[in-house]
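# Examining the three-dimensional arrangement
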Amino acid sequence: MLRVFTTIAAIFLVLLFGGLLAGGYMLWQMNQDLPDYSKLANYEPPVMTRVHAGDGTLIAEYAKERRLYVPISVIPKRVIDAFLAAEDKNFYSHGGVDASGIARAMVDNIINIVNDRRLAGASTITQQVARNFLLNSDRTLTRKLKEALIALRLEKAYTKDKILELYLNEIYLGMGSYGVAAAAQIYFDKPLDQLTVAECAYLASLPKAPSNYQPYDHRDRAIGRRNWVISRMQEDGFITAEEAAAGRDEPFNVTLRPVGLQLVDAEYFVEEVRRELYAKYGEQKLYEGGLSVRTTIDTHLQGIARASLRKGLTDYDMRHGYRGPLAKLQPGANWQDALQKQAFADDLAPWTLGVVLELTPQAAKIGLRPEKLDNGKFATGIKMGAIPFSEMSWARQSIKDQYLGPVIKQPSDALAIGDVVYVEPIYKKKGDAEPDHYALRQVPAVNGAVIAMDPHTGRVLAMQGGFSFDQSEFNRAVQAMRQPGSSFKPFVYAAALDHGFTPASLVLDAPFVMDQGPGLALWKPENYEHDFFGPSTLRFGIEHSRNVMTVRLAQNIGMDTIVDYAHRFGIMDNMSPVLSMALGAGETTLIKLAAAYAILDNGGHKVQPTLIDRVQDRWGRVVYRHDDRPCAACNADWANQPPPELPDTREQVENPQTAYQMTSMLEGVIQRGTGQIIKSVPVPLAGKTGTSSDERDAWFMGYSPNLVVGVFVGYDNPTPLGHAETGGRTAAPIFRDIMQQAIGSQPAIPFRIPPGINLVKVDLKTGQLASSSGSNVILEAFKDGTEPQTSSASPSVGVVTGTPVSGLDNPSGTPQPGAGTAINSGTGGLY
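Counting starts from 1 at the beginning of each chain's written sequence and moves along it residue by residue. Given that the model is predicted, a residue must reach a pLDDT of at least 70 before its local features are reported, and side-chain atom pairs must reach 80 or more before they are shown or counted; all residues, however, enter totals for whole chains, interfaces and linings. The side-chain quantities take in all heavy atoms of the structure and omit both hydrogens and water.

Another point: the overall build of the chain. By definition, any uninterrupted DSSP run of H or I lasting at least four residues is a helix, any uninterrupted run of E lasting at least two residues is a strand, and each is numbered from the N terminus. Broken down by element type, the chain carries 20 helices and 24 strands. Residues counted as buried form 50% of the 831 residues belonging to the chain. Counting only contacts in the chain whose residues sit at least 6 apart along the sequence, the fraction spanning at least 24 positions is 69%. Surface accessibility of the chain: about 38,600 Å² in total, with carbon and sulfur atoms responsible for 54%. Throughout this description, buried means an accessible area under 20% of the type-specific maximum (1.4 Å probe, protein chains only), exposed means over 50%, and partly exposed covers the range between. When checking whether two residues touch, look at their non-hydrogen atoms; a contact exists if any pair is within 4.5 Å. Surface exposure here means Shrake-Rupley accessible area, sampled with a 1.4 Å probe, where a residue is shielded only by the protein chains that are shown.

Following this line, the structure appears as structure tokens:
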């Protein structure tokens, strides 16, 4: 027996020793293969880029992992306590591996095996950091051993606070959020320091399996897990019994914050900012670099621009008739399900979908699309409404997009039962909870854009690139190349003013014909109204947008000069030097044209349009600033000294006197000319209408002393807008509505008059000095030395025509009555 026992003992010792050697070797080998944990010292996790408005409002976030990295020093103790209670109560006392936790897990797992449940882990927070950062999530013994080895090393290399900081910023907590700061915002729309005990406990319940405690699909399970964490916090002494009871009784209210875009009004602006950041910094820096971007957008003005453009496009569309319902439901169909399945662009809100259920002589009764909740599901219950006849009387049939059908006299003339249509809620007064009724609507087939800019800096304050971003991401403010039409004319007139003309110079408004060469038809530009006024002042020509006068003016000063001005003002780089270009036959974008008008507004300084003021990296260092003017004194300590003066580094591309003369003439466009619809806005405004050939593009470009606004309306495939749909009718009302809401209630600020300008009373029609006041007398802006000298002397006149053609434009060369040698003295001469 002794021999047997000795033999067994020897075998056991050999096996034990061999096992220890094998285990030791395995651990040694595993230790050699461990990943390098030293990189955690300089760890820069993927952090989302955040985009802010000019006033600091968050307007967008870009990220692959939605994370906000926060140092441990600013994470509230309440949040830390909740995670320690839920995940690792002995975190500050163990050395990376918790022996008592392992023993507890072994006991629990015996019960789990008996009950066929998933085995519980015993990983400490340090082990989770090792797994999340350096390993994978395979449920193998090798991975668990490596995890423990790395945890032991981490505890020696880093402080407990550093390890906890890494954990609380890296852990995935569901709904696309990584780290506690991002999760607090996504689930509760709060910063960490505003979370309640119950909210902290819910976040701490998520690391194990976020999808199992999702607040909508598993609400009861989520509440149960939250309350378990609260109980653990009480047991571990982190909170009192009273705080625990209050936490368990607290209603479980989750306020899911929208991800990505935070300001629906700014979709086009935000996307253009994203494109610029992507081009400047690349994909990784944009989505993982934690950039902080301060943009130029004025959120209030952006809302005005968006609403005004949509109203203007809708008004135009209603003038051109009703194109029919979106869909038609068959009798007996489940209309609620049908409306939920019907495609609907969310950014059309407050519009919604309705189905016609009943028609009476006075109204159409409709069933409304159920409200869509934050979790993407639809509210239950039936919601009804009505469209009175007065809100659909516009809906005459659109015939081939060219003609209107007969006037409708009752709802059944436009609608039928089962029609699925867009409707807009109409309220009796602002602030009402429920609409009084609904109005029939349709998404316009036409589109357009608005841009608002600070004329002194080029900062883009508002940008709306279309009716609906969800339906079309094409940004017509920056991407659409369109013909500016007559909105280009001010730059032709500016060139003339720089070449000896004055606002009172006379130009012949009469038929013009040009021989374009062998085999080409005669070019005969016409005025929009097909009439002529004879000799007329430059002011009259721009105020009433006279095409023939503009052509004669361009021919006189030379198209090479006009091409130079188009390039100098940043409108077009390679404009063809042909006369039709003086009428806006070239192509440009709305943002370029707005920047050109800013030059007229600010006294001749060129500005570079920008959507971004500055960019900071994740550490707060400024890596880009639009305003790059040097200012050494800006960092000086304050000692009651005068504020530092910043140099004006803007390029002077037009002299201030010409810029003001053009501004004065463009004020006349609004007071007496093609933009009179804007005259109701009670502040000084200047601007110009624009309509391209066949009314394919409608523009209004205008400004106040401190705000430039440009409006474009047109079909994406350039087709005629329709008879009389000019810039003055289609685009100008949008400009008016924006200016009325943006600055209409502010004190009237006049345009700045530069030195070297004299205001002289002249006759509006003749441009000659006026000796008295009257409705036909205005104050005209003249540069020093160009003022008319007398009101009685007959002006020297001349005629500038196109290439003479037989039978037209005085082919004999005989001077017309009152004609003489062409002059550029600017004293009332005829050109």
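So, on to the sheet that holds strand β15 (residues 460-464). Two strands are counted as paired when DSSP detects at least two bridges linking them. Spatial ordering of the open sheet is given by β15-β14-β22-β21-β20, a layout of five strands whose pairing is antiparallel. The two strands at the open ends of the sheet, each matched to only one other strand, are β15 and β20 (686-691). This sheet shows a mean twist of 5 degrees between the axes of neighbouring strands, independent of strand direction. As paired strands, β20 and strand β21 (residues 698-704) are joined by six bridges and run antiparallel to one another. Bridge pairing in β21 links T689 to F700. Each axis is a line fitted through C-alpha atoms, taken for helices only over the stretch in contact, and angles between the N-to-C directions span 0 to 180 degrees.

In this section: the sheet that holds strand β1 (residues 49-52). Strand order in the open sheet formed by five strands is β2-β1-β5-β18-β19, and the pairing between neighbours is mixed. Sheet topology places β2 (58-62) and β19 (622-625) at the edges, where each strand pairs with a single neighbour. Across the sheet, the axes of successive neighbouring strands diverge by a mean angle of 15 degrees, strand direction being ignored. When strand β5 (residues 292-295) meets strand β18 (residues 612-616), the two strands line up antiparallel, connected through four bridges. Residue pairing across strands places T295 opposite I612, the latter belonging to β18.

Among the secondary structure elements, A742 is positioned in helix α20 (residues 727-743). For A742 and H300, which are 442 residues apart along the polypeptide, the C-alpha to C-alpha distance reads 8.5 Å. Not counting residues up to four positions away in its chain, the partners in contact with A742 are L301, I304 and L707.

Below, the discussion takes up the packing of helix α14 (residues 489-498) against helix α16 (residues 547-557). Between α14 and α16, the least distance of the axes is 10 Å, while the angle of their chain directions is 45 degrees. One way to sum up the angle between α14 and α16 is to call them oblique. Relative to α16, the crossing made by α14 is left-handed. Between α14 and α16, the contacting residues are K489, V492, Y493, A495 and A496 on the first element and N547, M549, T550, L553, A554 and I557 on the second. A per-class count over the contact of α14 with α16 returns eight nonpolar, two polar and one charged. Note on angle classes: values under 35 degrees are labelled roughly parallel, values over 145 roughly antiparallel, values of 65 to 115 roughly perpendicular, and the remainder oblique. Working rule for handedness: look at the near helix, and if it is turned counterclockwise from the far one by less than a right angle, call the crossing left-handed; if clockwise, right-handed. Each residue is assigned to one class: nonpolar for Ala, Val, Leu, Ile, Met, Phe, Trp, Tyr, Cys and Pro, charged for Asp, Glu, Lys and Arg, and polar for all the others, Gly among them.

Next up on the list: the packing of helix α9 (residues 219-235) against helix α10 (residues 241-249). Relative to each other, α9 and α10 sit at 175 degrees, their axes nearing to 9 Å. Regarding the angle of α9 to α10, the classification is roughly antiparallel. Contacts between α9 and α10 involve R226, N227, I230, S231 and Q234 on the former and, on the latter, A241, A244, G247 and R248. Each residue belonging to the contact of α9 with α10 can be placed in one class, and the counts come to three nonpolar, four polar and two charged.

The subject of this paragraph is the packing of aromatic side chains. Classification of ring pairs uses Phe, Tyr and Trp, with its six-membered ring standing for Trp, and accepts pairs whose centres are within 6.5 Å; under 30 degrees between planes counts as stacked, over 60 as edge-to-face, and the remaining range as tilted. Going through the model one piece at a time under the given rule, you end up with 24 aromatic pairs. Ring geometry for Y322 versus W394: centroids 5.9 Å apart, planes at 90 degrees, classification edge-to-face. You can see Y322 sitting in the loop between α12 (299-319) and β6 (327-328) and its partner W394 sitting in the loop between β9 (384-388) and β10 (398-399), a full 72 residues away along the chain. Among the residues examined, W394 registers a relative accessible area of 13% and is labelled buried. Positioned above the aromatic ring of Y624 is the side chain of K280, whose terminal nitrogen or guanidinium carbon lies 4.5 Å from the ring centre. Criterion for a charge above a ring: Lys NZ or Arg CZ within 6 Å of the ring centre, and within 35 degrees of the ring normal. The residue whose ring lies beneath R568 is Y565, and the NZ or CZ to ring-centre distance is 4.2 Å.

Going residue by residue along β9, you find G385 and I387 tucked away on one face and M384, A386 and P388 left uncovered on the opposite face. Note that strand β8 (residues 363-368) and β9 share five bridges and pair antiparallel. Counterpart to G367 in the pairing with β9 is M384.

A word on unusual backbone geometry. Of note, the amide linkage connecting A349 to P350 takes the cis form, showing an omega dihedral of 15 degrees. Tracing the chain through its elements places P350 in the loop between α13 (335-341) and β7 (352-359). Despite not being glycine, S545 has its phi angle at roughly 50 degrees, a positive value. Relative to the elements of secondary structure, S545 occurs in the loop between α15 (538-543) and α16. A positive phi is found at A724, a non-glycine position, where the angle reads about 70 degrees. Along the polypeptide, A724 turns up in the loop between β22 (707-714) and α20.

Moving on to a nonpolar patch on the surface. Only residues whose relative accessible area exceeds 30% and that take part in no salt bridge are eligible for patches, with like-charged residues grouped when within 9 Å of each other and nonpolar side chains (Val, Leu, Ile, Met, Phe, Trp, Tyr) grouped when within 5 Å. Salt bridges, as used here, are contacts in which a Lys or Arg side-chain nitrogen is within 4 Å of a carboxyl oxygen on Asp or Glu. Taken together, the side chains of I753, L759 and L779 present a nonpolar region at the surface, about 260 Å² in accessible area. Mapped onto the elements of the fold, I753 is located in the loop between α20 and β23 (757-763).

Bringing helix α18 (residues 590-602) into the picture now. Compared with an ideal rise of 1.5 Å per residue, which puts 13 residues at 18 Å, α18 spans 18 Å between its outermost C-alpha atoms and is within 8% of the ideal. Most of α18 sits inside the fold, with 12 of its 13 residues counted as buried. Buried residues of α18: L590, I591, L593, A594, A595, A596, Y597, A598, I599, L600, D601 and N602, and no others. Positive backbone phi, at 95 degrees, marks G603, one or two positions downstream of α18. Between the first and last residue of a helix there are one fewer steps than residues, each counted as 1.5 Å, and that sum is the expected span.

We now examine the environment of S576. With respect to the helices, strands and loops of the structure, S576 is situated in the loop between α17 (559-568) and α18. A C-alpha to C-alpha distance of 9.8 Å links S576 and I562, two positions 14 residues apart in sequence. Once residues lying within four places of it in the same chain are set aside, the contact partners of S576 are M559, V563 and M581.

Along the chain, H94 falls in the loop between α2 (77-87) and α3 (99-114). A 3.5 Å cut-off defines polar contacts: any pair of N or O atoms within that distance qualifies, except that in protein one atom must be a possible hydrogen donor and the other a possible acceptor, and neighbouring residues in sequence count only when both atoms are side-chain atoms. One polar contact links H94 to D88, side chain to side chain, over a distance of 2.8 Å. Those residues in contact with H94 that sit more than four places away from it in its chain are D88, T124, T126, E155 and K160.

Burial of helix α8 (residues 197-204) is extensive: eight of the eight residues sit out of reach of the surface. Every buried residue of α8 is accounted for by V197, A198, E199, C200, A201, Y202, L203 and A204. In this structure, the buried residues of α8 make contact with α2, α7 (180-188), α9 and α10.

Let us look at the pattern of salt bridges. On inspection of all chains with the given rule, the structure shows 38 salt bridges. The shortest N-O distance in the salt bridge between R539 and E543 comes to 3.1 Å. A residue pair is termed a helical-turn pair when its members lie 3 or 4 positions apart in one helix, as R539 and E543 do in helix α15 at four residues. According to the relative accessible area criterion, R539 is buried, its value standing at 3%. Here E543 falls in the buried class, since its relative accessible area comes to 2%. The partner of R729 in a salt bridge is E725, and the shortest N-O contact between them spans 3.5 Å. Assessed through its relative accessible area of 37%, R729 is described here as partly exposed. Connected through salt bridges with shared partners, the residues E271, E272, R274 and R275 form a single ionic network.

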